[in-house]
Amino acid sequence: MQSIRSAGLAGGISYFLVELSFFAIALPVGYIAYHASTGIWLDLTQLLTDSEGKAQLLALLVAYIVLLKTFFPVRLGATLILTPHMQVLMRLLVNNSKK
């Protein structure tokens with residue numbers, strides 16, 4: 001994380017893009033995986049109506065968060081790979097705007 005912080009704005013943009021891409025893929029995949037494993041579509045309005053539904057929703061969220069945390073090294077690696085390219089792109093944009 002220190003090398004991403006030291007990259008400044010390029011590191012921040014890289015981290016944002018990787019996280020956005022990851023969750024744009026992970027959330028629909030999790031939703032479809034829930035349907036594939038249970039045979040029903042996840043309906044938040046039904047889960048929030050009673051205490052049993054709230055407990056089930058909490059259990060699903062905790063399990064999902066724990067699963068996603070295992071992919072943190074992959075997200076960090078992707079950010080580290082993207083950061084130098086983002087720095088080059090930002091330099092090109094700055095140089096083109098000065099001309």
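Here, the structure is the one placed above.
What you are looking at is a predicted structure, and each value in this text was computed from that prediction instead of being measured. Along every chain, residues carry numbers that run from 1 in the direction the sequence is written. Where local features are concerned, this predicted model is filtered to residues with pLDDT of at least 70; where side-chain atom pairs are given and counted, the filter is 80 or more; whole-chain, interface and lining totals use all residues. Side-chain descriptors were evaluated using all non-hydrogen atoms of the structure, hydrogens and water having been removed beforehand.

Visitor: Mind showing me how you'd approach helix 5 (residues 72–98) here?
Guide: The periodicity of an α-helix, 3.6 residues per turn, causes residues three or four positions apart to be oriented the same way. The first and last C-alpha atoms of helix 5 sit 38 Å apart over 27 residues, in line with the 39 Å expected at 1.5 Å per residue. Consider a residue and the seven residues that end there alongside the seven that start there; fitting an axis to each set, the bend is the angle between those axes. Under the scheme used here, helices are H or I runs from DSSP no shorter than 4 residues and strands are E runs no shorter than 2 residues, and both carry numbers assigned from the N terminus. Where helix 5 bends most, the angle comes to about 30°, and this point is Leu-82, followed within four residues by the proline Pro-84. Remark: exposure states derive from per-residue accessible area (1.4 Å probe, protein chains only) relative to the maximum for the residue type, with buried under 20%, exposed over 50%, and partly exposed in between. Taken together, the buried positions of helix 5 are Arg-75, Leu-76, Thr-79, Thr-83 and Met-86. We call two residues in contact when some of their heavy atoms are within 4.5 Å. Each element contacted by the buried residues of helix 5 is listed here: helix 1 (2–6), helix 2 (9–38) and helix 4 (51–69). Here the expected span of a helix is defined as 1.5 Å times the quantity of residues minus one.

Visitor: What exactly am I supposed to notice about the packing of aromatic side chains here?
Guide: Two aromatic rings, taken as a pair, are described by how far apart their centres are and by the angle between their planes. Here a Phe, Tyr or Trp ring, Trp counted by its six-membered ring, pairs with any other such ring whose centre lies within 6.5 Å, and the pair is stacked when the planes are under 30 degrees apart, edge-to-face when over 60, and tilted otherwise. The full count for this structure, using the stated rule, is three aromatic pairs. Aromatic pair Phe-22 and Phe-23: ring centres 5.1 Å apart, planes at 85°, arrangement edge-to-face. The class for Phe-22 is buried, based on a relative accessible area of 17%. Following the ring pairs from residue to residue traces out a cluster consisting of Phe-22, Phe-23 and Phe-71. In this scheme, Lys NZ or Arg CZ marks a charge over a ring once it lies within 6 Å of the ring centre and within 35 degrees of the ring normal. Above the face of the Phe-22 ring, Arg-75 is positioned so that its terminal group lies 4.8 Å from the ring centre.

Visitor: Where do I start with the packing of helix 2 against helix 4 in this structure?
Guide: Each pair of packed helices gets described by two things: the angle between the helix axes and the distance between those axes. An axis is simply a line fitted to the C-alpha atoms; with a helix, the fit covers only the stretch in contact. Between two such axes, the angle follows the N-to-C directions and lies from 0 to 180 degrees. One can describe the packing of helix 2 onto helix 4 by two numbers: an axis separation of 12 Å at closest approach and a directional angle of 130°. Accordingly, the angle class assigned to the pair helix 2 and helix 4 is oblique. When the axes of helix 2 and helix 4 are compared, the crossing they make is right-handed. Of the residues in helix 4, those in contact with Phe-22, Phe-23, Ala-26, Leu-27, Gly-30 and Tyr-34 of helix 2 are Gln-56, Leu-60, Tyr-64 and Leu-68. Each residue gets one label: Ala, Val, Leu, Ile, Met, Phe, Trp, Tyr, Cys and Pro are nonpolar, Asp, Glu, Lys and Arg are charged, and the others, such as Gly, are polar. Partitioned by chemical class, the residues of the contact of helix 2 with helix 4 number eight nonpolar, two polar and no charged. Note on angle classes: values under 35 degrees are labelled roughly parallel, values over 145 roughly antiparallel, values of 65 to 115 roughly perpendicular, and the remainder oblique. In this scheme the crossing of two helices becomes right-handed for a clockwise turn of the near helix relative to the far one and left-handed for an anticlockwise turn of less than a right angle.

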